[in-house]
Amino acid sequence: MPEKLLEAVEARRDEVTVLTRELIRFPTVNPPGEAYTPCAEFIGSYLKRHGFEVEYIRGEGAPGDTDRYPRTNVVARFDGRVPGPTVHFNSHIDVVEAGDGWTVDPFEAVVKDGRVYGRGACDMKGGLASSIVAALAFMQIYPDFPGAIEISGTVDEESGGFGGVAHLARLGYFSKPKVDHVIIPEPLNKERICLGHRGVWWAEIETKGEIAHGSMPFLGDCAVRHMGAVLQAFEEELFPALDAKRTAMPVVPEGARRSTMNINSIHGGQTDDFRPGLPSPNVPDRCRLTIDRRFLLEEKIDEVKGEVVSILDRLKRDRAKFDYEIRDLMEVQPTMTERDAPVVRAVAQGIMALFDREPDYVISPGTYDQKHVARLGHLYDCIAYGPGILDLAHRPDEWVGIDDMVDAAKVMTIGLNVLLRGGAH
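Residues numbered from 1 in each chain as written. Predicted model: local features only at pLDDT ≥ 70, side-chain atom pairs only at ≥ 80, totals over all residues. Heavy atoms only, no water.

Asker: Explain the overall build of the chain to me, using residue names and the numbers behind them.
Answerer: Of regular secondary structure, the chain possesses ten helices and 16 strands. With the C-alpha coordinates of the chain rotated into their principal frame, the extents come out at 80 × 45 × 40 Å. Across the 425 residues of the chain, 55% fall into the buried class. Put simply, of all contacts in the chain between residues at least 6 apart along the chain, 79% involve residues at least 24 apart. Accessible surface for the chain amounts to roughly 18,000 Å². Of this, 50% is attributable to carbon and sulfur atoms. Each charge sign in the chain was given a centre, from 49 positive and 66 negative side chains, and these centres are 1 Å apart. (Helix = DSSP H or I, 4+ residues; strand = E, 2+ residues; numbered from the N terminus. Buried < 20%, exposed > 50% of the residue type's maximum accessible area, 1.4 Å probe, protein only. Contact = heavy atoms within 4.5 Å. Areas by Shrake-Rupley, 256 points an atom, 1.4 Å probe, with all protein chains shown as cover. Lys, Arg positive; Asp, Glu negative; His and termini not counted. Charge placed at Lys NZ, Arg CZ, Asp CG, Glu CD.)

Laid out in C-alpha cells, this is it:
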C-alpha cells in the first residue's frame, strides 16, 4: 500500500470539494453549449499554476459550433523528468439541462451531508476534479516520475462528442505515440472498472404521404398512418426479437444485457406544437421517427440495420402507397477493452489496495467518449473509472459523494504509479 500517495490525496480533500463546486457553477448546458470557454479556461488556468502546459482547441466545423457557442476544449500536459508512457485523463465538461424537480439550485453546488449537489456533480465534474487531485498528489510524491500526465476537459459528450473527443482524436490527441493509456472518469461507481459499451445506431425513418384538405382525407395519403403501421410492426416483430437476444458482455444494469431500441421522437404534420393556436387542416404528407438502437458485441451492424429495413421493405410491398426513406444519424461499434490491458490492471491494483477486493468489471449500456478513442484514435488501452453513481446522472438533485471522490482519486493515483513507475514505492 503506497501510504504516502494516499496521504497526499487525503490532504487534498478540501481541494477536490472546492474544485468540484467551482466546476459545477459553470452552467455548461448542452445544447446549446453554454459557458464552454470560461469553464475550459478555468481548468487550463488551474493546471497551468501547477506547471502543466495548456492548449485550447476549438472543435471548428463540429455540430453546434458557432462564434456564440464555440466548442472549446482544453488539453493540459505535464512531462516528467525522463521519457516514458503518457497517461491521459479525459472528462467532458458539458452537462444536460437541469430540468424540473430540484430541491436545491442546480448550479449553486450546495454541500450537504458529505455530498456536493448540482447538475454535472457525478456526470462528470466530480470525476474531473478527482483526476486532477490524483495527478497533483502523484506529482507531489514522485516529482522525478518518468513519462507524462495529460488532463483534458472536452465538450459535447452528451450529444455525441463530435466537437470534443472526436475532433481531438482526428487531430491525433488520442493516438500513440502521444498517448498510451486513457482513463475517463465517468460515474460508474468507485469499485467498478468499465471496459467499454454497447454499440449504437441512430437513424431517422420518414414515411411519405400526400397533402390534402383535412375534411377530405380520402383525397390525400396520411404519412402518420403509414408510420403507425411501422410502429405496429416494430411492436409485433422487432421488439420481441430484440428482447430475446442476450450478450456475454458484463453490461449493467441487467436489463441492458439484451438488445434494445428506443423511439426517441416522432414528428408529423404541419406543426409539432400548435398551442395556443390551431393546427392546419391538412393531411400530413410526411412523418419522421428517430430510433436509438443499442446492440451487442455478438451482433453485426449490417444485421442490426437489416432487421429494420426488412420490415420497411415488406410494408412497401404489402401496404398501398407506402413509401419511406431512412437516414443514418450515427453508428458506433461495441467496444470492450481486454481485462489484462495495462490500464485495466493498473486501476484494478488501486481498487484492490484500497478496498481489499477485486473490482467489478462492467460494460456501460450507453456509449461515452471511449468510442472515439477506439474508432478514431485506434487506441484500445482505455477504460472508464470514476466516482459517482450512474443512476443519479441527468436526474434532479444529482450529487457526488466527497468520500467517493477522494477514494476514486486514491485509486487513480495508485494507477498512475503502476503505469508510470511500475508500482514502485
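There is more to say, and it comes next.
Asker: Tell me about unusual backbone geometry, and please be specific about residues and values.
Answerer: Note the cis peptide between Pro31 and Pro32, where omega equals 10°. Within the element layout of this structure, Pro32 appears in the loop between helix H2 (13-24) and helix H3 (36-48). Note the cis peptide between Lys176 and Pro177, where omega equals 5°. Take Pro177: it is sitting in the loop between helix H5 (165-170) and strand S7 (181-184). We note that Asp113 has phi near 55°; this positive angle belongs to a residue other than glycine. By relative accessible area, Asp113 is classed as exposed at 70%. Even without being a glycine, Asp356 presents a positive backbone phi close to 55°. Along the chain, Asp356 turns up in the loop between helix H8 (342-355) and strand S14 (360-364). For Asp356, a relative accessible area of 71% translates into the label exposed.

Asker: Residue-level account of helix H6 (residues 223-243), with values.
Answerer: Taking 1.5 Å per residue, 21 residues should reach 30 Å; H6 reaches 28 Å between its end C-alpha atoms and fits that length. For H6, the principal kink sits at Phe234 and spans about 45°. By the burial criterion, the buried members of H6 are Ala223, His226, Met227, Ala229, Val230, Ala233, Phe234, Leu238 and Leu242. Structurally, H6 contributes buried residues whose contacts are with strand S9 (199-208), strand S10 (260-268), strand S11 (286-295) and helix H7 (301-318). (Expected span 1.5 Å × (residues − 1). Bend = angle between axes of the 7 residues up to and from the residue.)

Asker: Any details on the pattern of salt bridges? Residues and values, ideally.
Answerer: Following the criterion strictly, the structure yields 33 salt bridges and no others. One salt bridge connects Arg81 with Asp144, and the closest N-O pair in it is separated by 2.6 Å. Residue Arg81 is located in the loop between strand S2 (72-79) and strand S3 (82-92), and its partner Asp144 is located in the loop between helix H4 (121-141) and strand S6 (146-154); the two are separated by 63 residues in the primary sequence. A relative accessible area of 60% places Arg81 in the exposed class. (Salt bridge = Lys/Arg side-chain N within 4 Å of Asp/Glu carboxyl O.)

Asker: I'd love a proper account of the nonpolar core, names of residues and values included.
Answerer: Ile43, Ile149, Ile151, Ile193, Ile383 and Tyr385 are the most contacted members of the largest nonpolar core, which has 79 residues in total. Mapped onto the domain boundaries, this core takes at least three residues apiece from domain 1 (1-197 + 334-421) and domain 2 (199-332). What Tyr385 contacts, discounting residues up to four positions off in sequence, is Ile183, Ile184, Pro185, Glu186, Asn189, Lys190, Arg192, Val347, Ile351, Ala408, Val411 and Met412. Counting residues in hydrophobic clusters, the runner-up holds 24 residues, among them Trp201, Val230, Leu242 and Leu289. (Core = buried A, V, L, I, M, F, W, Y, C linked by side-chain atoms within 4.5 Å. Domains from an automatic or database assignment.)

Asker: Which residues make up the pairing of S9, and what are the values?
Answerer: Most of S9 is tucked away, with eight of its ten residues classed as buried. With ten bridges joining them, S9 and S11 adopt antiparallel strand pairing. Bridge assignment links Thr207 to a residue of S11, and that residue is Cys287. Note that S9 and strand S12 (residues 324-332) share eight bridges and pair antiparallel. By the bridge assignment for S12, Thr207 is matched with Tyr324. (Pairing = 2+ DSSP bridges.)

Asker: Explain the state of the cysteines to me, using residue names and the numbers behind them.
Answerer: By the definition in use, this model includes zero disulfides. The thiol sulfur of Cys122 is not disulfide-bonded, and the nearest other cysteine sulfur, from Cys194, lies at 14 Å. Its sulfur unpaired, Cys222 is 8.0 Å from the next cysteine sulfur, which belongs to Cys287. (Disulfide = S-S within 2.5 Å.)

Asker: Give a detailed account of the domain arrangement of the chain, specifying residues and quantitative values.
Answerer: Many descriptions give the size of an interface as the accessible area lost when the pieces come together. Its domain assignment divides the chain into domain 1 (1-197 + 334-421) and domain 2 (199-332). A separation of 36 Å is found between the C-alpha centroids of domain 1 and domain 2. Taken together, the 14 residues of domain 1 in the interface contact 14 residues of domain 2. Taking both partners together, domain 1 and domain 2 bury about 1,200 Å²; carbon and sulfur atoms supply 77% of that area. Our count for the contact surface shared by domain 1 and domain 2 stands at zero salt bridges. Elements represented by at least two residues in the side of domain 1 that touches domain 2 include exactly strand S8 (192-197), strand S13 (335-336) and S14. Looking at the side of domain 1 that touches domain 2, the element that brings in the most residues is S14, giving four residues. Looking at the side of domain 1 that touches domain 2, its residues break down into seven nonpolar, five polar and two charged. (Buried area = accessible area lost by both parts, 1.4 Å probe. Nonpolar A, V, L, I, M, F, W, Y, C, P; charged D, E, K, R; others polar.)

Asker: Tell me about helix H1 (residues 3-10), and please be specific about residues and values.
Answerer: Every α-helical turn comprises 3.6 residues, leaving residues that sit three or four positions apart pointing alike. Regarding H1, the residues found buried are Leu5, Leu6, Ala8 and Val9. Across the axial projection of H1, the buried residues extend over an arc of 160°, all falling on one side. Opposite the buried face of H1, at more than 90 degrees from it, the exposed residues are Lys4 and Glu7. Summarising the contacts, the buried residues of H1 are in contact with H2, H4, H8 and helix H10 (402-421). (Arc of directions from axis to C-beta.)

Asker: Account for the side chain of Asp123, naming residues and giving values.
Answerer: Mapped onto the fold, Asp123 is located in helix H4. Here Asp123 occupies a buried position and makes no salt bridge, while the nearest side chain of opposite charge, Arg119, is found at 7.4 Å. Of note is the side chain of Asp123, whose polar atom sits 3.2 Å from the side chain of His92. Non-local contacts of Asp123, meaning those with residues more than four positions away in its chain, are made with His92, Asp94, Val95, Glu158, Glu186, Pro187, Ala393, His394 and Glu398. (Polar contact = N/O pair within 3.5 Å; in protein donor to acceptor, adjacent residues only side chain to side chain.)

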